[in-house]
Amino acid sequence: MAANYRYWCGECSYRTPWQTESQGAATQARHYAQRHARRVPGGRVEVRAKRTEGGGCVWLVAALFLVLLLASTCRQEARSAPAPCAAHPAPLSGVAAGAWTCPTSSGGSGTRKPTT
């Protein structure tokens, strides 16, 4: 059996160690017989809270889900960014001077001006 009970004396600050219910009651009765002979045993009984297991796994799964969500969001933004364009050495016909064309993701081309 688990040691889940601790008895507190009603007359002084004595408390039993964590024991089974019957062991704790017997220890408290001995204490009253030695220290408080003419009094009826009283005080309170403390019951140890049961340990809940599995809570750590829930937090781990939630943290893993958030990391995967963040990674998928960053990957999606990286795919939607425009591809870099290499400058053509000379402007193509029909394009303003100082500009060049770049291929786009839709197969067409767009006009870019140099940044220098």
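It should be emphasised that the depicted structure is a prediction, and the values quoted were computed from it without experimental measurement.

Rules and cut-offs
Residues numbered from 1 in each chain as written. Predicted model: local features only at pLDDT ≥ 70, side-chain atom pairs only at ≥ 80, totals over all residues. Heavy atoms only, no water. Patch = residues over 30% accessible without salt bridge, like charges linked within 9 Å, V, L, I, M, F, W, Y side chains within 5 Å. Areas by Shrake-Rupley, 256 points an atom, 1.4 Å probe, with all protein chains shown as cover. Salt bridge = Lys/Arg side-chain N within 4 Å of Asp/Glu carboxyl O. Helix = DSSP H or I, 4+ residues; strand = E, 2+ residues; numbered from the N terminus. Buried < 20%, exposed > 50% of the residue type's maximum accessible area, 1.4 Å probe, protein only. Phe/Tyr/Trp six-rings, centres within 6.5 Å; stacked < 30°, edge-to-face > 60°. Lys NZ or Arg CZ within 6 Å of the ring centre and 35° of its normal. Expected span 1.5 Å × (residues − 1). Arc of directions from axis to C-beta.

A.B. asks: Explain a nonpolar patch on the surface to me, and be specific about the residues and the numbers.
C.D. replies: Taken together, the side chains of Phe 65, Leu 66 and Leu 69 make up a nonpolar region of the molecular surface, amounting to roughly 320 Å² of accessible area. Among the structural elements, Phe 65 can be located in helix H2 (residues 55-80). You can call Phe 65 exposed: its relative accessible area is 53%.

A.B. asks: Could you give an account of the packing of aromatic side chains, naming the residues involved and the relevant values?
C.D. replies: One pass over the structure, following the stated rule, counts 0 aromatic pairs. When the ring centre of Trp 8 is taken as origin, the NZ or CZ atom of Arg 44, which lies over that ring, is 4.5 Å away.

A.B. asks: Break down helix H1 (residues 21-35) for me, citing the residues and quoting the values.
C.D. replies: For H1, which comprises 15 residues, the first-to-last C-alpha distance of 21 Å matches the rise-based estimate of 21 Å (1.5 Å per residue) to within 8%. Within H1 the residues assigned to the buried category are Gly 24, Thr 27, Gln 28, His 31 and Tyr 32. Down the axis of H1, the smallest arc covering the buried residues is 140 degrees, so these residues share one side. Summarising the geometry of H1, the exposed residues directed more than 90 degrees from the buried face are Ser 22, Ala 33 and Gln 34.

Read these as layout, nothing more, since geometry by itself doesn't imply function.
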